Amino acid sequence: MTMIQSSGGQYQRMGGCSLRALAVFRMTLGILLTSELCLRYRFLHVFYTKEGTLPLSLLLPKVDTLYRWTCGLFCWNDTYLYQTVLLSIQVVVATCFTIGYHTRIMTILSWYFYTNLILRNTWLYFILDRYFYYLLFYAMFLPLDEYWSVDKWLLQQKRRNQQSKYSVKKKKQHQDENKMRTPTSNNDNNNDNPLCVNPATVALKLLVVWIYLDAGSGKLFDPKHGWTYHADPLPA
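How each quantity is defined
- Per chain, residue numbering runs from 1 following the sequence as it is written.
- Local features in this predicted model are restricted to residues of pLDDT 70 or higher, and side-chain atom pairs are both shown and tallied only at a pLDDT of 80 or more, whereas totals for entire chains, interfaces and linings draw on every residue.
- Side-chain measures here rest on the full set of heavy atoms in the structure, leaving out hydrogens and waters.
- By convention in these notes, a salt bridge is any Lys or Arg side-chain nitrogen within 4 Å of a carboxyl oxygen on Asp or Glu.
- The helix count covers DSSP runs of H or I at least four residues long, the strand count covers runs of E at least two residues long, and both are numbered beginning at the N terminus.
- Here the axes come from fitting lines to C-alpha atoms, over the contacting stretch only for helices, and the angles between their N-to-C directions go from 0 to 180 degrees.
- Crossing chirality is assigned from the near helix's rotation relative to the far helix, an anticlockwise turn below a right angle marking it left-handed and a clockwise turn marking it right-handed.
- By definition, residues are in contact when any of their heavy atoms lie within 4.5 Å.
- Following the grouping adopted for this structure description, the nonpolar residues are Ala, Val, Leu, Ile, Met, Phe, Trp, Tyr, Cys and Pro, the charged ones are Asp, Glu, Lys and Arg, and the polar ones are all others, Gly among them.
- Note that patches include only residues with greater than 30% relative accessible area and no salt bridge, and the join distances are 9 Å for like charges and 5 Å for nonpolar side chains (Val, Leu, Ile, Met, Phe, Trp, Tyr).
- Computed by Shrake-Rupley with a 1.4 Å probe, the accessible areas treat only the displayed protein chains as cover when residues are assessed.
- The length a helix should cover is 1.5 Å for every residue beyond the first.
- Whether a residue is buried, partly exposed or exposed follows from its accessible area with a 1.4 Å probe, protein chains only, as a fraction of its type maximum: under 20%, in between, or over 50%, in that order.
- Here, two cysteine sulfur atoms that lie within 2.5 Å of each other are counted as a disulfide.

Asks: Would you take a moment to explain the pattern of salt bridges for this structure?
Replies: When their charged atoms lie close together, side chains carrying opposite charge are able to pair. Within the structure shown, the criterion is met by four salt bridges. Note that Arg 40 is salt-bridged to Glu 36, the shortest N-O span being 3.0 Å. Linking Arg 40 and Asp 129 is a salt bridge whose minimum nitrogen-to-oxygen distance equals 3.4 Å. Linking Arg 40 in the loop between helix 2 (19-39) and helix 3 (44-47) with Asp 129 in helix 8 (residues 127-139), this pair joins segments that are 89 residues apart in sequence.

Asks: How should the packing of helix 2 against helix 7 (residues 103-120) be read in this particular structure?
Replies: Think of two packed helices as two axes; the pair is described by the angle between the axes and how far apart they sit. Two elements in contact, helix 2 and helix 7, have axes separated by 13 Å at closest approach and are oriented at 35°. Regarding helix 2 and helix 7, the two cross each other, and that crossing is left-handed. Contacts from Arg 26, Leu 33, Glu 36 and Leu 37 in helix 2 reach Thr 103, Ser 110, Tyr 114 and Leu 117 in helix 7. Class assignment for the residues of the contact of helix 2 with helix 7 results in four nonpolar, two polar and two charged.

Asks: In this structure, what is going on with the side chain of Thr 201? I would like to understand it.
Replies: Considering the arrangement of structural elements, one finds Thr 201 in helix 12 (residues 199-220). If we skip the residues at most four places from it in the chain, Thr 201 touches Gly 15, Gly 16, Cys 17, Leu 142 and Cys 196.

Asks: Help me out: how do you make sense of a nonpolar patch on the surface in this one?
Replies: Taken together, the side chains of Ile 99, Tyr 101, Trp 153 and Leu 154 define a hydrophobic patch exposed on the protein surface, amounting to about 380 Å² of accessible area. Within the secondary structure, Ile 99 is located in helix 6 (residues 80-99).

Asks: Would you mind going over helix 8 with me for this structure?
Replies: The α-helix advances 3.6 residues per turn, and as a result positions three or four apart in sequence lie on the same side. With 13 residues, helix 8 extends 19 Å between its outermost C-alpha atoms, agreeing within 8% with the 18 Å of an ideal straight helix rising 1.5 Å per residue. By the burial criterion, the buried members of helix 8 are Asp 129, Tyr 131, Phe 132, Tyr 133, Leu 136, Tyr 138 and Ala 139. Looking at the packing, one finds that the buried side of helix 8 touches helix 2, helix 6, helix 7 and helix 12.

Asks: Explanation requested: the state of the cysteines in the structure shown.
Replies: A covalent bond between the sulfur atoms of two cysteines is what we call a disulfide. Taken as a whole, this structure holds zero disulfides when the rule is applied. Between Cys 196, a free cysteine, and Cys 17, which holds the nearest cysteine sulfur, the sulfur-to-sulfur gap is 7.2 Å. Given the relative accessible area of 0%, Cys 196 is considered buried.

It is worth stressing that arrangement in space is one thing and function is another; only the former is reported here.
This is how it looks when you write it as structure tokens:
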């Protein structure tokens with residue numbers, strides 16, 4: 001469960017993320033995801049259709065039924081039209097995720113679609129793909145729509161419409177109450193820096209550490225020493 005609060009102690013700041021930072025994270029991840037998906041159009045025919053390198057006639061005998069129907073959305077059909085439509089839907093979902101429209105649902109769908117896309121042809125699997133669905137998985141448990149999102153804008157519009165139904169007298173009373181509360185909350189507003197602290201924010205920060213450890217160990221223990229100064233560049 002997400003816990004949102006003002007600036008807390010040292011450990012809360014270490015394990016938490018500000019809501020504005022999470023909004024930037026959503027937009028950045030969404031732009032990268034949408035760009036990656038758009039680049040996939042070039043490889044659809046070669047790697048995802050029955051005329052390509054891995055048609056379903058070769059893939060399905062190697063996988064079980066559970067894999068096909070739960071994790072193989074791209075395995076239901078290998079025609080070019082089906083793959084194009086499916087990828088186009090995925091691009092639309094990623095765009096909605098980027099702008100923060102039905103953010104939670106689009107995050108879940110983006111993770112599910114991307115995982116299916118990777119499992120369709122694991123020959124194209126790259127280390128960045130792994131981090132992509134790690135980040136999308138953590139994003140499902142984060143409040144990414146609190147700032148700079150369509151969801152937030154729609155919520156504000158809804159509140160404005162509700163307030164417009166009140167009488168002028170009630171609006172004035174409401175404004176007077178806000179004025180009366182303002183002097184007592186100045187100190188809090190000055191230090192206002194909303195944080196989200198939950199296991200997903202901790203995992204998100206630990207993932208950054210893991211990326212460097214994973215990349216460093218891969219270079220250090222590479223049997224072909226592909227990252228050394230005198231190495232043959234091809235193994236790298």
